[in-house]
Amino acid sequence: MRRTIVGVMGPGETATDRDCQTAFTLGEQIAQRGWILLTGGRAVGVMEAASRGAKQAGGLTIGILPGTTDYGMSEAIDIPIVTGMGSARNHINILTSNVITACGMGAGTASEVALALKAQKPVILMNVDRLTAQFFRQLSSNDPAGGTTPH
């Protein structure tokens, strides 16, 4: 039986302290449930925080890296996937995950949420403002899978 893979997406360098605290807790909770954490794999922002939370709780972490090496990878990543694809790796993040949690928002995260909606993946929005949640809710209104859940 395939284990559940939860993608935690969010800002890197522009992540807020609140985004990182939330991501760390998400990582812990994902690991405690025996699920696998998937992030963008870098040692910054939401990616780093979620990965550290999962590792601290004994979880398994996958990092989908943008470059052609593992340079800049979080030390909390167990399985690095080196893509050489830059932001195009966002599609891999989404298609590999069973559910996507966006913790905070930036341009890269917005692209991942849009790809998730297009792929009819469940999306949970955390630490986003009302306007952002409303935008993605409108995008998902044509989505027969049900769309986003803002928190």
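Residues numbered from 1 in each chain as written. Predicted model: local features only at pLDDT ≥ 70, side-chain atom pairs only at ≥ 80, totals over all residues. Heavy atoms only, no water.

A.B. asks: Give a detailed account of helix α4 (residues 107–118), specifying residues and quantitative values.
C.D. replies: Compared with the 16 Å implied by 1.5 Å per residue over 12 residues, the 17 Å span of α4 between its first and last C-alpha is a close match. When α4 is considered as a whole, its buried residues turn out to be Thr-109, Glu-112, Val-113, Ala-116 and Leu-117. Buried residues of α4, viewed axially, fall in a sector of 135 degrees; they line one side. α4 presents Ala-107 and Lys-118 as exposed residues on the side facing more than 90 degrees away from its buried surface. Where α4 terminates, the next one or two residues include Gln-120, which has phi positive at roughly 60 degrees. (Helix = DSSP H or I, 4+ residues; strand = E, 2+ residues; numbered from the N terminus. Expected span 1.5 Å × (residues − 1). Buried < 20%, exposed > 50% of the residue type's maximum accessible area, 1.4 Å probe, protein only. Arc of directions from axis to C-beta.)

A.B. asks: Let's hear about the pattern of salt bridges: which residues, and what values?
C.D. replies: Taken as a whole, this structure holds three salt bridges when the rule is applied. Ionic pairing is found between Arg-42 and Glu-13, a salt bridge with its closest N-O pair at 3.2 Å. Here Arg-42, found in the loop between β2 (36–39) and α2 (45–56), pairs with Glu-13, found in the loop between β1 (5–9) and α1 (17–32); they are 29 residues apart in sequence, far enough to count as distant. Note on Arg-42: relative accessible area 24%, which makes it partly exposed. Across the salt bridge formed by Glu-48 and Arg-52, the nearest N and O atoms sit 3.5 Å from each other. Of this pair, Glu-48 and Arg-52 both sit in helix α2, separated by four residues, roughly a single helical turn. (Salt bridge = Lys/Arg side-chain N within 4 Å of Asp/Glu carboxyl O.)

A.B. asks: Lay out the environment of Ile-81 with the relevant residues and their values.
C.D. replies: Position of Ile-81 relative to the elements: it lies in strand β4 (residues 79–82). According to the relative accessible area criterion, Ile-81 is partly exposed, its value standing at 35%. The sequence separation of Ile-81 and Asp-17 amounts to 64 residues, and the corresponding C-alpha distance is 27 Å.

A.B. asks: Now, about the confidence of the model for the protein chain: what can you tell me, with residues and values included?
C.D. replies: Close reading of the predicted structure is inappropriate where its pLDDT is low. Put simply, the protein chain has an average pLDDT of 92, and 93% of its residues get 70 or more. Here residues 143–151 is a poorly scored stretch, pLDDT under 50, and it has 24 contacts once near neighbours within four places are set aside; other chains count. (pLDDT = per-residue confidence, 0-100. Contact = heavy atoms within 4.5 Å.)

A.B. asks: I'd like to hear about the packing of aromatic side chains, residue by residue, with values.
C.D. replies: The final tally for this structure, using the stated rule, is one aromatic pair. Between Phe-135 and Phe-136 the ring centres are 5.1 Å apart and the planes differ by 70 degrees, which places this aromatic pair in the edge-to-face class. Assessed through its relative accessible area of 43%, Phe-135 is described here as partly exposed. For Phe-136, a relative accessible area of 2% puts it in the buried group. (Phe/Tyr/Trp six-rings, centres within 6.5 Å; stacked < 30°, edge-to-face > 60°.)

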